[in-house]
Amino acid sequence: MIDEQGELTTAQLGLDVAAGERPQFLVPKGCIFGSAMNKSGFSLVGCMVSPGFTFEDFELFSQQDLLVMYPQHQDIIKKLSRPA
């Protein structure tokens, strides 16, 4: 997640709570986020929004937009996105 100040934060999802994993995570308002697998296998991912979702409030950034906005996070942006 990259917050509105440009700070990168990560969360490890999973069922091993003793190892710091969480079965779910709340992404704070104003953050952009992506996800990736850290191990081989598969995952089922869902995203719920509250209050309701409206397309007027949704913005999908291109890889280039993100690289301009957050050049300090270029490695993770390139890992989780594709060039246009």
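Our subject is the structure that appears above.
The shown structure was predicted, so the numbers you read here are calculated from the model rather than taken from an experiment.

Peer 1: What am I meant to see in the overall build of the protein chain here?
Peer 2: For the protein chain, the count of helices and strands is 2 helices and 0 strands. Counting only C-alpha atoms and orienting by the principal axes, one finds that the protein chain spans roughly 35 × 30 × 25 Å. Taking all contacts inside the protein chain whose residues are at least 6 apart in sequence as the whole, residues at least 24 apart take part in 46%. When the accessible area of the protein chain is evaluated, it comes to approximately 7,500 Å², of which 56% is carbon and sulfur surface.

Peer 1: Got a minute to help me understand the packing of aromatic side chains in this structure?
Peer 2: Working definition: an aromatic ring pair is given by the centre-to-centre distance plus the angle between the planes. Enumeration according to the criterion identifies 3 aromatic pairs in this entry. Residues phenylalanine 53 and phenylalanine 55 carry aromatic rings whose centres are separated by 5.0 Å and whose planes lie at 80° to one another, so their mutual orientation is edge-to-face. With a relative accessible area of 65%, phenylalanine 55 lands in the exposed category. Seen from their ring centres, phenylalanine 55 and phenylalanine 58 are 6.5 Å apart, and the 90° between their planes marks the pair as edge-to-face. Among the aromatic residues, ring-to-ring pairing joins Phe53, Phe55 and Phe58 into one connected group.

Peer 1: What am I meant to see in the side chain of aspartate 3 here?
Peer 2: Residue position: aspartate 3 is located in the segment before α1 (63-69). Summary of buried charges: aspartate 3 has no salt-bridge partner, and the nearest side chain of opposite charge, arginine 22, is 14 Å away. Here aspartate 3 is in contact with Gly30, Cys31 and Tyr70, once residues within four sequence places are set aside.

Peer 1: I tried to follow a nonpolar patch on the surface on my own but got confused; where do I start?
Peer 2: Residues Val49, Phe53, Phe55, Phe58 and Leu60 make up a contiguous nonpolar surface patch of about 590 Å² in total accessible area. Mapped onto the fold, phenylalanine 55 is located in the segment before α1.

Peer 1: Can you walk me through the nonpolar core in this structure?
Peer 2: Note on soluble globular proteins: their nonpolar side chains tend to be buried together. By size, the foremost hydrophobic cluster in this structure holds 6 residues: Ile2, Ile32, Leu66, Leu67, Tyr70 and Ile77. In this structure, leucine 66 is in contact with Ile32, Phe61, Pro71 and Ile77, ignoring residues within four places of it in sequence.

Cut-offs used in this document
Residues numbered from 1 in each chain as written. Predicted model: local features only at pLDDT ≥ 70, side-chain atom pairs only at ≥ 80, totals over all residues. Heavy atoms only, no water. Helix = DSSP H or I, 4+ residues; strand = E, 2+ residues; numbered from the N terminus. Contact = heavy atoms within 4.5 Å. Areas by Shrake-Rupley, 256 points an atom, 1.4 Å probe, with all protein chains shown as cover. Phe/Tyr/Trp six-rings, centres within 6.5 Å; stacked < 30°, edge-to-face > 60°. Buried < 20%, exposed > 50% of the residue type's maximum accessible area, 1.4 Å probe, protein only. Lys, Arg positive; Asp, Glu negative; His and termini not counted. Salt bridge = Lys/Arg side-chain N within 4 Å of Asp/Glu carboxyl O. Patch = residues over 30% accessible without salt bridge, like charges linked within 9 Å, V, L, I, M, F, W, Y side chains within 5 Å. Core = buried A, V, L, I, M, F, W, Y, C linked by side-chain atoms within 4.5 Å.

In short, geometric facts, not functional conclusions.
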